[in-house]
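Results of the structural survey
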Amino acid sequence: MGATRVPGLLFGGDYNPEQWPEEVWAEDVRLMAEAGVNMATVAVFSWSRLEPRPGVYDWGWLDRVLDLLHEHGIAADLATATATPPPWLVREHPEVMPVDAAGTRLEFGSRQGYCPSSPVFKEHAVRLARAVAERYKDHPALAMWHISNEYADHTLECFCPESARHFRTWLGKRYGSIEALNQAWGTSCWGQHYTSLDQVEPPRKAPGPVNPSQLVDWRRFCSDALLELFGAEKSVLREITPDIPVTTNFMSILHGLDYWKWAAEEDLVSDDAYPDPADPESHVAVALSYDLMRSLKRKPWLLLESAPSAVSWREVNVPKPPGMMRLHSLQALAHGSDGVMFFQWRQAAYGPEKFHSAMLPHGGTATRGWQDTLRLGRDLRDLAEIAGTTTKADVALILDWDSWWGLEAPESMPSNRLRLKELLLSWYAPLHARGVNVDLARPDEDLSGYRVVIAPNLYMCTAESLRTVTGQLVVGPFSGVVDPNDHVHPGGAPGPLADLLGIAVDEFWPLPDGATQETTAGTARTWAEWIRVQDAEVVATYQGGELDGLPAVTRKGNAYYVSCLLDDPTAILSIEGLDLPDGVEATRRENYLFLLNHATTPKKVILPAPGRDLLTQQDLEGEIEIAPRDAIVLKESSDTPVYP
Ligand code: GAL
């Protein structure tokens with residue numbers, strides 16, 4: 001049993017019956033039941049239909065939808081419907097619409113049109129959430145609450161006067177006095193000394209580069225402001241339905257929101273993932289984000305949205321070729337999801353998403369897409385027993401939002417090319433290629449259970465960070481540079497990590513676009529550093545160019561420092577893994593080994609242990625062949641999994 005009361009794996013998608021005449025609903029639920037759908041996400045954008053006029057509710061249609069779903073054995077992931085305020089609210093209170101950094105107030109006509117700090121919006125959203133919860137608290141279809149939708153998708157920040165007030169309140173709590181703020185923001189630079197909090201504004205478009213400490217606080221504030229909005233709805237749901245799990249759909253690895261903080265407020269982590277079928281490597285980046293989702297609570301999560309085939313929001317929307325939808329779905333399960341849900345159930349006839357694929361395409365049951373839906377439904381039934389199983393990883397990758405926000409502040413860095421996702425992937429991709437299970441972790445949690453802890457970047461670093469590591473520690477470039485106020489540590493990088501790593505960074509040495517720098521540990525791009533070794537040994541040196549012969553990788557005891565962005569930085573470590581052919585992914589959940597062939601040719605793999613493939617019910621051992629874009633879910637005979 002997973003996080004909801006629905007047994008087995010969850011299967012279904014966003015269901016928008018309000019876009020269709022009621023005659024169609026009967027066919028919807030009949031086909032859902034035929035495909036094995038057991039959950040539908042409903043009412044995500046339904047505010048204007050549920051409350052067409054202030055305080056006047058129209059529940060009838062949603063009552064009938066929920067009844068129909070329940071009669072067909074389908075549970076509801078019921079939204080609080082607050083993702084788009086209705087036109088009447090926007091016209092009565094134009095100030096609920098967000099304002100961009102240049103001061104333009106955005107217009108109604110899309111979705112997510114709200115200022116995260118608007119008290120008017122919050123009051124109305126909470127009122128609606130209460131009304132929805134009171135109405136449906138005892139409905140037998142209700143299995144999960146879906147608050148709003150993809151926070152920060154369109155609206156991460158707003159620069160209106162209300163947001164400015166909210167920002168000042170947030171700053172007041174953080175700093176206590178204007179002098180403390182001046183200190184933290186280093187306002188002696190460029191003459192920004194404030195004498196009152198009232199003089200402080202959000203970082204709107206300014207004549208030149210904005211104070212980077214202010215920018216980092218703004219990023220923290222924006223994440224917190226949306227979380228406050230989420231929290232306001234959540235408390236109402238908690239009060240009325242204490243036993244129904246609450247989620248909001250995340251957007252994979254998102255710069256704008258600190259998901260560690262967010263996940264702590266949820267019962268179940270859910271994610272929306274849209275890897276680009278046109279990118280042959282997209283399954284690697286998406287695996288990393290799935291591992292983050294699992295790591296956020298160290299337990300199973302839910303893929304709440306994915307595309308059955310093409311999306312409709314890229315410049316060119318390439319469909320998923322045969323087999324890919326199934327393979328990508330199994331990949332989410334492999335990385336800890338307890339189900340596979342899609343956007344959306346029935347392909348829209350109108351609106352911006354009319355060309356977005358769906359489980360039931362425009363062409364109906366005659367289509368390839370529908371056959372894919374049916375097949376996946378069967379597979380998920382065969383895999384029901386994996387629901388609730390957990391994942392063990394010996395390797396942890398550190399992801400720290402403060403560092404990310406500091407690192408990617410525009411206009412004031414040694415290089416704007418050093419991007420956190422790229423750094424994470426440079427470590428993750430080679431581990432993934434060897435079937436090594438990886439957790440994501442915070443720098444301030446207990447890391448003593450991991451054999452290897454890798455911090456691809458820890459730009460903003462405190463003295464406590466990483467002290468609990470007992471295994472091998474690897475710290476990537478441009479780490480330990482600044483404190484939480486974005487002030488450079490005394491003595492420079494790696495600041496509080498200097499004694500641990502036994503080195504000092506003399507000078508950052510970013511590489512020009514397109515340039516590479518050879519090292520004895522492989523080729524570096526984007527970034528290098530001039531290192532002085534104190535009491536560390538040199539593991540690899542730079543070769544050629546201005547840094548010729550200087551240390552590139554160092555080691556003191558169990559702590560490595562890698563001063564550049566290497567093609568395969570894992571080569572310096574000895575992390576055991578599986579010998580997998582290109583394109584084959586291997587991941588474990590307890591004693592279930594998922595082998596996924598992302599390639600378009602058959603691949604041979606030697607199984608680490610015999611077992612039964614749950615997808616074909618065949619017993620397998622030794623060398624096996626996996627067809628192109630096919631998968632094996634091996635239940636190993638032994639209960640003691642062999643972790644790579
Ligand atoms: C998500 C969103 C859905 C739908 C989907 C299309 O970002 O939550 O409502 O728009 O994208 O890919």
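Notes on the structure follow.

With respect to the overall build of the chain
Within the chain one finds 15 helices and 28 strands. Relative to the compact-globule value of 26 Å for 644 residues, the chain shows a C-alpha radius of gyration of 26 Å, a close match. Counting only C-alpha atoms and orienting by the principal axes, one finds that the chain spans roughly 75 × 70 × 40 Å. Once local pairs closer than 6 in sequence are excluded, the contacts in the chain between residues at least 24 apart make up 69%. Within the chain, the 89 negative side-chain charges are centred at a point lying 3 Å from the centre of the 56 positive side-chain charges.

A word on the site of the ligand
All residues in the neighbourhood of the ligand are listed as F45, R111, N149, E150, D153, D272, Y274, E305, W313, F343, E353 and H356. Alone, the ligand offers 310 Å² of accessible surface; in the complex the protein occludes 96% of this. Assessed atom by atom at 2 Å from the grid points, the ligand resides in the largest pocket. Taken together, the residues that form the shell around the ligand break down as four nonpolar, two polar and six charged.

Some points on the side chain of H598
Along the polypeptide, H598 turns up in the loop between β23 (592-597) and β24 (603-606). Classification of H598 as buried rests on a relative accessible area of 14%. In terms of polar contacts, H598 uses its side chain to reach the side chain of E585, at 2.7 Å. For H598, the residues in contact, after removing those within four places along its chain, are H283, L327, H328, Q331, G583 and E585.

A closer look at the layout of surface pockets
A volume near 1300 Å³ is recorded for the largest pocket. The wall of the largest pocket is formed by 47 residues, among which R111, E150, D153, H154 and E353 lie closest to the centre. Among the secondary structure elements, those contributing two or more residues to the lining of the largest pocket are α2 (47-50), α10 (282-297) and α14 (420-433). When its residues are assigned to classes, the lining of the largest pocket shows 20 nonpolar, 15 polar and twelve charged. Here the second largest pocket defines a volume of roughly 490 Å³. If you go around the second largest pocket, you meet 23 residues; those closest to its centre are D258, D400, D402, P443 and D444. At the level of secondary structure, the elements contributing two or more residues to the lining of the second largest pocket comprise α6 (161-175), α8 (212-240), α9 (259-263) and α13 (401-407). Considering only residue class, the lining of the second largest pocket consists of ten nonpolar, three polar and ten charged.

Considering the pattern of salt bridges
For the coordinates displayed, the defined rule picks out 43 salt bridges. Between E201 and R168 there is a salt bridge, and its shortest N-O distance comes to 3.3 Å. Of this pair, E201 sits in the loop between α7 (178-185) and α8 while R168 sits in helix α6; the two residues are 33 residues apart in sequence, bridging distant segments of the chain. According to the relative accessible area criterion, E201 is partly exposed, its value standing at 30%. Residue classification places R168 among the buried residues on the basis of a relative accessible area of 15%.

Let's talk about the sheet that holds strand β15 (residues 516-519)
Reading across from one edge, β11-β10-β12-β13-β20-β19-β18-β15-β16-β21 is the order of the ten strands in this open sheet, with mixed pairing throughout. Edge positions in the open sheet fall to β11 (438-441) and β21 (565-566), since each of these has one partner strand only. Bridging between β15 and strand β18 (residues 537-543) involves two bridges; their strand directions are antiparallel. Paired with E518 across the two strands is Q543, which belongs to β18. Sitting on the sheet, α10 is in contact with β10 (395-398) and β11, with an inclination near 65° to β11. Against the sheet, α14 contacts β10, β11, β12 (452-455), β13 (472-475), β16 (522-525), β20 (559-562) and β21, and its axis sits at roughly 165° relative to β10.

How each quantity is defined
- Here, residues in each chain are numbered from 1, in the same order as that chain's written sequence.
- At least 70 in pLDDT is required for a residue's local features to be given in this predicted model, at least 80 for side-chain atom pairs to be given and counted, and no such filter applies to totals for whole chains, interfaces and linings, which use all residues.
- Only hydrogens and water are removed before side-chain values are computed, so all heavy atoms of the structure are retained for them.
- Here a strand is any run of E in DSSP of at least two residues, a helix any run of H or I of at least four, and the numbering for each starts at the N terminus.
- Values of the radius of gyration come from C-alpha atoms, whereas the globule rule sets the reference at 2.2 Å times the count of residues to the power 0.38.
- Throughout, a contact is declared for two residues whenever any of their heavy atoms are within 4.5 Å.
- The charge count includes Lys and Arg as positive and Asp and Glu as negative, but it does not include His or the ends of the chains.
- All charge positions are set by atom: Lys at NZ, Arg at CZ, Asp at CG, Glu at CD.
- Here a residue counts as near a molecule or strand whenever at least one of its heavy atoms sits within 4 Å of it.
- To be clear on the numbers: accessible area is Shrake-Rupley with a 1.4 Å probe, and residue cover counts the displayed protein chains and nothing else.
- Using only the protein atoms, space was sampled on a 1 Å grid; points where a 1.4 Å probe fits but cannot get out form cavities, open sets with protein on both sides within 12 Å along at least five of seven lines form pockets, and lining residues are those with an atom within 4 Å of a point.
- Here the criterion for a molecule occupying a pocket or cavity is that more than half of its atoms lie within 2 Å of the pocket grid points.
- Residue type decides the class: Asp, Glu, Lys and Arg count as charged, Ala, Val, Leu, Ile, Met, Phe, Trp, Tyr, Cys and Pro as nonpolar, and the leftover types, Gly among them, as polar.
- For every residue, the accessible area obtained with a 1.4 Å probe (protein chains only) is divided by the maximum for its type, and the residue is called buried under 20%, exposed over 50%, and partly exposed between those limits.
- Counting of polar contacts relies on pairs of N or O atoms within 3.5 Å, with two restrictions inside protein: one atom must be capable of donating a hydrogen and the other of accepting it, and residues adjacent in sequence are counted only when both atoms are side-chain atoms.
- Grid points are joined across faces, edges and corners, and a volume is the space filled by probe spheres set on the points.
- The rule for a salt bridge is simple: a side-chain nitrogen of Lys or Arg has to be within 4 Å of a carboxyl oxygen of Asp or Glu.
- When DSSP locates at least two bridges between a pair of strands, those strands are taken to pair.
- Angles run from 0 to 180 degrees between N-to-C directions of axes, and those axes are lines fitted to C-alpha atoms, restricted for helices to the stretch in contact.

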